[in-house]
Amino acid sequence: MANQIRFNLVDSKTLGPTRVYNLSAFSVSPDSLFKALKKRFPDFSVRYSLDFRNEIAKAWPSSMNCDRLFKLLDYQPEFSFDESLDTTIDEIKQRLSRH
């Protein structure tokens with residue numbers, strides 16, 4: 001949230017003509033998510049079939065470069081992919097244990 005506030009306070013002349021930026025701490029691909037889950041749950045497997053959304057996803061850039069915005073905001077991600085995944089898994093386990 002602090003990064004969003006800092007972004008809103010940046011002078012628009014500094015940002016240039018575009019005020020739309022991607023701000024992310026990490027990128028996740030289906031393969032990297034699968035490997036991370038497999039490391040935590042060795043019996044984990046996944047099966048899927050592509051549908052119309054795959055064509056939409058192919059039109060997206062393969063990655064977003066946030067370097068300029070990181071520099072403008074002096075941004076440092078608070079969580080890594082692994083930390084975020086572990087937090088998500090812990091939260092799911094807690095919710096499931098309540099039912």
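These numbers come from a predicted model, not from an experiment.

Outline the overall build of the chain, supporting the account with residue identities and numerical values.
Looking only at helices and strands, the chain has six helices and zero strands in total. Seen in sequence order, the chain has helices and strands lined up from the N terminus as α-α-α-α-α-α. Looking at the chain alone, contacts between residues at least 24 apart form 78% of all its contacts between residues at least 6 apart. Accessible surface, the chain as shown: approximately 8500 Å² in total, 57% of it carbon and sulfur.

Report on the nonpolar core, specifying residues and quantitative values.
If you look at the biggest cluster of nonpolar residues, it comprises five residues: A36, L37, F81, L85 and I89. Listed by contribution, the elements that provide at least two residues to this core are α3 (30-40) and α6 (81-97). Top contributing element to this core by residue count: α6, with three residues. Among residues more than four places away in sequence, those in contact with A36 are F81 and L85.

Summarise the environment of S80; cite the residues concerned and give the values.
Structurally, S80 is set in the loop between α5 (67-73) and α6. Classification of S80 as partly exposed rests on a relative accessible area of 34%. Counting along the chain gives 53 residues from S80 to S27, while the straight-line C-alpha distance between them is 9.9 Å.

Hey, could you go over the packing of α3 against α6 for me, with residue numbers and the actual values?
For the pair α3 and α6, interaxial distance at closest approach is 11 Å and the crossing angle is 60°. The orientation of α3 relative to α6 falls into the category oblique. In this structure, α3 meets α6 at a crossing whose hand is right-handed. Across from S32, L33, A36, L37, K39 and R40 in α3, the residues of α6 making contact are F81, D82, L85, D86 and I89.

Give a detailed account of the packing of aromatic side chains, specifying residues and quantitative values.
Think of a pair of aromatic rings as described by two things: how far the centres are apart, and how the planes are tilted against each other in angle. Counted according to the given criterion, the structure contains two aromatic pairs. With a centroid separation of 5.8 Å and 40° between ring planes, the pair formed by F34 and F44 is classed as tilted. Taken together, the residues span a long stretch of sequence, with F34 in helix α3 and F44 in the loop between α3 and α4 (53-58) at a distance of 10 residues. Of the residues examined, F34 reaches a relative accessible area of 27% and is grouped as partly exposed.

Mind laying out a nonpolar patch on the surface, listing which residues take part and the relevant values?
Judged by side-chain polarity, F26, V28 and L33 come together as a nonpolar surface patch covering roughly 210 Å² of accessible area. Secondary-structure assignment places L33 in helix α3.

Requested: an account of the pattern of salt bridges, with residues and values cited.
Under the definition given, this model contains six salt bridges. K35 is the salt-bridge partner of D31, the closest N and O atoms lying 3.1 Å from each other. In this pair, D31 and K35 are both assigned in helix α3, four residues apart and thus about one turn of the helix distant. Under the relative-accessibility criterion, D31 is labelled partly exposed at 43%.

The rules we used
Residues numbered from 1 in each chain as written. Predicted model: local features only at pLDDT ≥ 70, side-chain atom pairs only at ≥ 80, totals over all residues. Heavy atoms only, no water. Helix = DSSP H or I, 4+ residues; strand = E, 2+ residues; numbered from the N terminus. Contact = heavy atoms within 4.5 Å. Areas by Shrake-Rupley, 256 points an atom, 1.4 Å probe, with all protein chains shown as cover. Core = buried A, V, L, I, M, F, W, Y, C linked by side-chain atoms within 4.5 Å. Buried < 20%, exposed > 50% of the residue type's maximum accessible area, 1.4 Å probe, protein only. Axes fitted to C-alpha atoms, helices over the stretch in contact; angles between N-to-C directions. Parallel < 35°, antiparallel > 145°, perpendicular 65-115°, else oblique. Left-handed = near helix turned anticlockwise from the far one by under 90°. Phe/Tyr/Trp six-rings, centres within 6.5 Å; stacked < 30°, edge-to-face > 60°. Patch = residues over 30% accessible without salt bridge, like charges linked within 9 Å, V, L, I, M, F, W, Y side chains within 5 Å. Salt bridge = Lys/Arg side-chain N within 4 Å of Asp/Glu carboxyl O.

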